[in-house]
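# Architecture at a glance
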Amino acid sequence: MRDKKKMQTIKVPGKNNKHKVLMYAISTCVWCKRAKKFLTENNIEYEYVDVDVCNREDRDKIREAILSRGGRLSYPTVIVDDRSLITGFNEGQLREVLEI
Amino acid sequence: MITLEKVRRRAESDAKSHGYFLNPDAESLKNLLEGLQKNEERYGYPSCPCRLASRKFEFDRDIICPCDYRDPDVQEYGYCYCALYVRKDVFEGKTSVLPIPERRPFQKQIRSYAASGEGVAEKPSEATTVVTEKPSKIILKMWYCKQCGYVCFREEPPYVCPICKAKREMFAEITIHSDNHK
């Protein structure tokens, strides 16, 4: 039986894996692309899901994950250490939370 | 299949007619145009590349490019949400392009999100405090601009009349109830 709890994410390796970084993104979104580029250029290890191409089940989970943390359904939404939620590509906030 | 060149020409034409410019950053512009092209291919309409489409035209009317929120965003910030359309000062590099807040109403986002899940029960987690409205029934309204007579058919009036630029307050409505718009 398929594990329904595991969301399908794409992992991008990086030397800095101090924090657990998960990004909800849209595949066509320029701000999401910039956020991914920012993390990659700063060698941050992260996982991401492109919400527009994921399955319905995962999409529901993402919606709940964002709303339950007080976020908005705007992308990119970055969740750090399962605790801090950053809406939009906010470089300053990302640097602060990721300590870079 | 729509070509990238056609998407570009359409955006250029629309920008010109409203006194706007397209994003001056070549890479961003290419990504934005490709995003619009992709959305038009997969959804049948060019919804905003930076917003999650519901795949249902009725729910996504307000985020079809140029979106309902473009004009007020360009007016306030100098560029729209995805930054495809920019003001002259932004085009000339005098104003930086940074992410701006989403102007699309939150409840609209929620309903649109729910609409994308055909046949899936809406069961927010216990921690979720937002109540999701059922998307099965859309109240469509006919809106007309009292200033120029422009007529449109949608849930809410546009922020700005696309013809005469009258504000939202200038729109009057005739309500029509319609069931099962998928």
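Here's a quick rundown of the structure. (Residues numbered from 1 in each chain as written. Chains lettered and ligands numbered in written order. Predicted model: local features only at pLDDT ≥ 70, side-chain atom pairs only at ≥ 80, totals over all residues. Heavy atoms only, no water.)

## Digging into the packing of aromatic side chains
Per the stated rule, a full pass over the model turns up 7 aromatic pairs over all chains. An angle of 35° between the planes, with centres 6.2 Å apart, marks the rings of Y46(A) and Y48(A) as tilted. You can call Y46(A) buried: its relative accessible area is 3%. Taken together, the ring pairs connect Y43(B), Y45(B) and F57(B) into an aromatic cluster. Between the NZ or CZ atom of R70(B) and the centre of the ring of Y85(B), over which it lies, the distance is 4.6 Å. (Phe/Tyr/Trp six-rings, centres within 6.5 Å; stacked < 30°, edge-to-face > 60°. Buried < 20%, exposed > 50% of the residue type's maximum accessible area, 1.4 Å probe, protein only. Lys NZ or Arg CZ within 6 Å of the ring centre and 35° of its normal.)

## A word on the interface of chain A and chain B
How big an interface is tends to be expressed through the accessible area that disappears when the partners come together. With 26 residues of chain A at the interface, the matching set in chain B holds 39 residues. The contact between chain A and chain B buries some 2600 Å² in all, and 52% of this surface belongs to carbon and sulfur atoms. For R42(B), the salt bridge is made with D52(A), and the minimal N-O distance between the two is 2.8 Å. If you look at where chain A meets chain B, you find 8 residue pairs in polar contact (both at pLDDT 80 or more). Elements with a contribution of two residues or more to the side of chain A that touches chain B: α1 (30-41) and α2 (56-68) of chain A. Top contributing element to the side of chain A that touches chain B by residue count: α2(A), with 8 residues. Here the residues of the side of chain A that touches chain B sort into 11 nonpolar, 5 polar and 10 charged. (Contact = heavy atoms within 4.5 Å. Buried area = accessible area lost by both parts, 1.4 Å probe. Salt bridge = Lys/Arg side-chain N within 4 Å of Asp/Glu carboxyl O. Polar contact = N/O pair within 3.5 Å; in protein donor to acceptor, adjacent residues only side chain to side chain. Helix = DSSP H or I, 4+ residues; strand = E, 2+ residues; numbered from the N terminus. Nonpolar A, V, L, I, M, F, W, Y, C, P; charged D, E, K, R; others polar.)

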